[in-house]
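# A closer look at the structure
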Amino acid sequence: MKLKRSLLETTTATPSTMGSEIKPPASGILTSPDRLRKIDQLREKNIDVILPLPTLVAVGDQSSGKSSLLESVTGIPFPRGQELCTRYATQITHRRDPEVQIIITIIPAPQSTEAEKISLRSYRKELSSTTQLRDQFAKILDEVNVYMKIKTDKNPEGEKTFSRDILKIEKCGPTEDYLTVIDVPGIFRLTSKGQTTEGDRNLVRDMVTGFIKDKRTIILAVLPANVDVMTQEILALAEQYDPDGERTLGVLTKPDLVIERSAKEAVCNLVAGRKKALNLGYYLVKNRGGDDDDDSKDDSGIRRKERDLFQQSPWCNLPQERVGVAALRERLQDLLGEITDKAYPELRSEARKKLAEAREQQDALGPPRQTEREQQQYLAQIAAKFQQIVRAALEANYSSHSAFDEHGLRLITQVVSITDTFNTLMRKKGHTYSFVKVKTRDSDDKLVNSDDDSEVDDGNEEDDDPAYDGEYDGEYDGEYDGENDAVHSELANRGTVIHIPPELESFTNIVKQPIITVKQDNSNWIRNMYLESRGIELGTFSPIVLASAFRDQTTNWGLITEHYISLIISIIHEFTLSILNTICAGEKLYEAIKSILMDDLLARYAKGMDYAKYLVQVEREKKPYTVNHYFSSNLQKARGDRASEALKKNCYWDDHSGAYAVKFEHIKTAVTNKSNQEHAQDDIHDILKSYYKVARKRFVDNVWLYAVDHHLLSGPNSPLTLFSEQWVLGLDEDSLNAIAGESRSTRDKRKELTKKIADLEEALRILK
Ligand code: GDP
Ligand code: MG
């Protein structure tokens, strides 16, 4: 890597070290030629489309002599004739090259469509000399009009009067200077009927200002000497964009047409700088006139006609460095060098900035995806990212992704919190009837069971207590609080606003309705049930009674559980969609993935819900049974409590032993003065209560473990695992294309950006 880099550096360094005419930069020595050459290299790569490069632009009124001036300066023989007024900008570039040739191409306007760009770029003419160009120019311009769709007599199908496309004329040769000039349509004041409209006028103005507003543009304000300079709009426009006049040069044309002595004097005053109107001053040039075919030049390349004119009075008295095309040309080169020197560091930083922007835009588009494989890779990447976030969400690793800043996306935290509430709700409202609490102590005397820490069942969790102590305090097992609580508010009021999208309606109808009341009628229901289902049993009861009592006691379980699962599903759903939305580039992609995922997602939610319902069904319909030892210790404790309750009235304080005591004969009567029926009822109650508690805890755990954790969260078929790389690989071609296929405009955009990036990288290499 390192080696490669240094190789690259040597290669790019070579041209400048080889150019022996270039002296090392030192104070006072202009490095402009080198820089101008580099600027021209940039132009060669068409980089000026992205990055405005130092340029000369001739602006002025129509027929002020812009095209003629540029012909004088560049030697490109523009065809003359009034009807051929410029309809687009023409860029004339000189390039030093061993081969003499003129290359004509079209630079499409940035806003052209891709098809237009392709057509415009296909135009190319190569000519070997200016003579050949002169012969063919009119024909070439006709062709160009067709390409640019400009309406003329010869091209009546054309659509526009003016175009933002640029005609580029490259003049190559071993003696060419680094000079680039742009000829723009003249600013016209009056819209001539049938030909130019207000819109055209604005377009031209726009085009002109587009060129002159750039700091790197030298403005050649072309003014005909035979009209009053001060009436020319262009000066005001130039001043607007170059208020200090640092890059505006006045060029007076048509001196041969100035007849009056006073008019000549006014021109001389301007050129000699006596009337200071422009910082950089005025130059006086004479171009070819309309009927002037004589283009002969003297030995130093100066046109005879111009030289002859300027030898006459009053022009011969003017400072010679301000008179004539040759002088102007020299000045322009210097000026361009200065501007380039100034612009150079800026160009570099701007190229870097533009490159970064273009890369960012390219990143936003995602990797290219035209082929099936590219689409697959693209989607698989998104899916992998999704899974990564899911893993983080399940591990509560929220610092790993900014999406988690939004509280609603803290998935596992929300789930745990709702599960806690589910557990509490099951404890408080899971049962249909409240159980009896048997008291073993009296608050008035000191008969306090040391195991009993007066815990009540309705608020504080008792679960951690291995012995299930302290449940029997002789009151109704205090879960009844007299309110009609909607499960919904209980579960939903966890600081989470749950938003239920329409697609989840089948899971969430339950959310709105359940209102659960725990009935306080504690003893009658057991008695009634016992009496109704009693068979020929001696001193005991049928196991069927217990089963049906348990079923009666658990009618709320389904409701609470379905509601809980609905909430979990809506949290998972919201999470899934939000994450998907954040990682998808663009709404279209998100919607496409969502719509293809949706059915499978809903099916997986339904599996979780079904499993929860199945757990409810199993718990309620199987014969009550458990091997959990908490059941027997609970039951034994309940029986013990009942016995001690019965003995309580016979107990006394025994000073000798320092404890409460009961006489032996009392024990016999205490446990025998109940009827068989009462015994059976008490037994049913105590067994049911002991079993219910164990079953409820088992159930809540199972709902969590199987329905929620396994089916909805972390199991291999949970909805969260759906959008995975595997899913992407399983998509057929059509779905793949529907989701990840690129629109034409994205494709075009990508192509354009790829070229832009390559160009800018090249620019940075050149500007080094
Ligand atoms: P543009 O519309 O600003 O590009 O102006 P042109 O360059 O097309 O010039 C308009 C007319 O003025 C043409 O017929 C030119 O030949 C003529 N013209 C331009 N410069 C001079 C000049 O210095 N002297 C004379 N006599 N005619 C000129
Ligand atoms: Mg013109």
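A brief report on the enclosed structure follows. (Residues numbered from 1 in each chain as written. Chains lettered and ligands numbered in written order. Predicted model: local features only at pLDDT ≥ 70, side-chain atom pairs only at ≥ 80, totals over all residues. Heavy atoms only, no water.)

### Describing the overall build of the protein chain
If you tally the helices and strands in the protein chain, you get 24 helices and 13 strands. Within the protein chain, the proportion of its 768 residues that are buried is 47%. Taking the intrachain contacts of the protein chain between residues at least 6 apart in sequence as the baseline, contacts between residues at least 24 apart amount to 78%. Summed over all atoms, the accessible surface of the protein chain reaches about 38,500 Å², with 50% contributed by carbon and sulfur. (Helix = DSSP H or I, 4+ residues; strand = E, 2+ residues; numbered from the N terminus. Buried < 20%, exposed > 50% of the residue type's maximum accessible area, 1.4 Å probe, protein only. Contact = heavy atoms within 4.5 Å. Areas by Shrake-Rupley, 256 points an atom, 1.4 Å probe, with all protein chains shown as cover.)

### Describing the pattern of salt bridges
Enumeration over the complete set of coordinates arrives at 26 salt bridges. By sharing partners, the salt bridges in this structure join Arg95, Asp97 and Glu170 into a single network. (Salt bridge = Lys/Arg side-chain N within 4 Å of Asp/Glu carboxyl O.)

### Points about a nonpolar patch on the surface
Together, Val662, Phe664 and Ile667 give the surface a local cluster of nonpolar side chains, amounting to about 280 Å² of exposed area. You can see Phe664 is positioned in helix α20 (residues 664-670). (Patch = residues over 30% accessible without salt bridge, like charges linked within 9 Å, V, L, I, M, F, W, Y side chains within 5 Å.)

### Regarding the site of ligand 1
Around ligand 1, a shell composed of 17 residues is seen, among which Ser63, Lys66, Ser68, Asp256 and Asn287 lie nearest. Measuring from an oxygen atom of ligand 1, one finds a side-chain N or O atom of Lys66 at 2.7 Å. The side chain of Ser68 places a nitrogen or oxygen atom 2.6 Å from an oxygen atom of ligand 1. Considering ligand 1 on its own, with 570 Å² of exposed area, one finds that the protein chains cover 87% of that surface. Of the residues in the shell around ligand 1, the class split is one nonpolar, nine polar and seven charged. (Near = heavy atom within 4 Å. Polar contact = N/O pair within 3.5 Å; in protein donor to acceptor, adjacent residues only side chain to side chain. Nonpolar A, V, L, I, M, F, W, Y, C, P; charged D, E, K, R; others polar.)

### Section: the packing of helix α17 (residues 555-583) against helix α21 (residues 676-714)
Relative orientation of the contacting elements α17 and α21 amounts to 25°, with a least axis distance of 12 Å. The angle between α17 and α21 falls in the class roughly parallel. Both α17 and α21 take part in a crossing whose hand is right-handed. Counting all contacts with α17, which are made through Trp557, Thr561, Tyr564, Ile565, Ile568, Ile569 and Ile572, the residues of α21 involved are Tyr692, Ala695, Arg696, Phe699, Val703, Trp704, Ala707, Val708, Leu712 and Leu713. (Axes fitted to C-alpha atoms, helices over the stretch in contact; angles between N-to-C directions. Parallel < 35°, antiparallel > 145°, perpendicular 65-115°, else oblique. Left-handed = near helix turned anticlockwise from the far one by under 90°.)

### Observations concerning the pairing of strand β7 (residues 217-224)
Of all eight residues in β7, eight are buried, a share of seventy percent or more. With burial as the criterion, each face of β7 is covered, one bearing Thr217, Ile219, Ala221 and Leu223 and the other bearing Ile218, Leu220, Val222 and Pro224. One ladder, built from six bridges, connects strand β1 (residues 55-60) with β7; its direction is parallel. Pairing of Leu56 across the sheet is with Ile218, part of β7. Bridging between β7 and strand β8 (residues 248-253) involves six bridges; their strand directions are parallel. Bridge pairing links Ala221 to Gly250 in β8. (Pairing = 2+ DSSP bridges.)

### So, a positive patch on the surface
Together, Arg121, Arg744, Arg747 and Lys751 make up a region of like positive charge exposed at the surface. The leading source of residues in the positive patch is helix α24 (residues 744-767), at three residues. The residue Arg747 is located in helix α24 in this model. Residue class for Arg747 comes out partly exposed when judged on its relative accessible area of 31%. (Lys, Arg positive; Asp, Glu negative; His and termini not counted. Charge placed at Lys NZ, Arg CZ, Asp CG, Glu CD.)

### Remarks on the packing of aromatic side chains
In this structure the tally under the stated criterion is 15 aromatic pairs. Taking 5.9 Å as the distance between ring centres and 85° as the angle between the ring planes, the aromatic pair formed by Phe550 and Trp557 counts as edge-to-face. Overall, the relative accessible area of 0% leaves Trp557 in the buried class. Three or more aromatic residues joined by ring pairs form one cluster here, namely Phe435, Phe550, Trp557, Phe631, Tyr691, Tyr692 and Phe699. It is Arg35 that lies over the ring of Tyr344; its NZ or CZ is 4.2 Å from the centre. For the cation-ring pair, Lys663 lies above Tyr652, with the distance from its terminal atom to the ring centre recorded as 5.6 Å. (Phe/Tyr/Trp six-rings, centres within 6.5 Å; stacked < 30°, edge-to-face > 60°. Lys NZ or Arg CZ within 6 Å of the ring centre and 35° of its normal.)

### A few points about the nonpolar core
By size, the foremost hydrophobic cluster in this structure holds 88 residues, and its most contacted members are Leu379, Leu411, Ile565, Phe575, Ile593, Tyr605 and Phe723. Sort the elements by how many residues they give to this core and α21 lands first, with 15 residues. Ignoring any residue separated from it by four or fewer positions in sequence, one finds Ile565 in contact with Gly608, Met609, Ala612, Val703, Ala707, Val708 and Leu712. Within the second largest apolar cluster, 42 residues are counted, among which are Leu69, Ile92, Ile218 and Ile339. (Core = buried A, V, L, I, M, F, W, Y, C linked by side-chain atoms within 4.5 Å.)

### Notes on the sheet that holds β8
Taken together, nine strands build an open sheet; the order of strands is β4-β3-β5-β2-β6-β1-β7-β8-β9 and the sheet is mixed. Across the chains shown, the open sheet's two edge strands, defined by having one partner strand only, are β4 (124-127) and β9 (282-284). The sheet shows a mean angle of 20° between the axes of neighbouring strands, taken without regard to direction. Judged from the three bridges that link them, β1 and strand β6 (residues 180-183) form a sheet pairing that is parallel. Bridging from a neighbouring strand, Val57 pairs with Ile182 of β6. On the sheet, helix α8 (residues 261-271) packs against β8 and β9 and is oriented at approximately 125° with respect to β9.

### Looking at the side chain of Glu176
In this fold, Glu176 is placed in the loop between β5 (166-173) and β6. Glu176 gets classed as buried once you look at its relative accessible area, which sits at 11%. In this structure Glu176 touches His94, Arg95, Arg96 and Lys171, once residues within four positions along its chain are discounted.

### Overview of helix α3 (residues 66-74)
What sets the pattern is the α-helix's 3.6 residues per turn: residues three or four places apart point alike. Judged by how many residues are buried, α3 sits mostly within the fold: seven of nine residues are covered. Taken residue by residue, α3 has Lys66, Ser67, Leu69, Leu70, Glu71, Val73 and Thr74 as its buried positions.

### What about unusual backbone geometry?
Backbone torsion omega between Ser313 and Pro314 reads 0°, so that peptide bond is classified as cis. Locating Pro314 in the fold gives a position in the loop between α9 (304-310) and α10 (325-365). Phi at Ser63 takes a positive value of approximately 65°, unusual for a residue other than glycine. Structurally, the position occupied by Ser63 is in the loop between β1 and α3. Take Ser63: its relative accessible area is 44%, and that puts it in the partly exposed class. Positioned with a positive phi, Lys149 is a non-glycine residue whose angle comes to about 60°. Relative to the helices and strands, Lys149 resides in the loop between α5 (130-147) and β5.

### Section: helix α6 (residues 198-212)
Counted at 1.5 Å a residue, the expected span for α6 with its 15 residues is 21 Å, and the 21 Å between its end C-alpha atoms agrees. On its buried side, α6 packs onto β1, β2 (89-96), β5, β6, β7 and α7 (233-241). (Expected span 1.5 Å × (residues − 1).)

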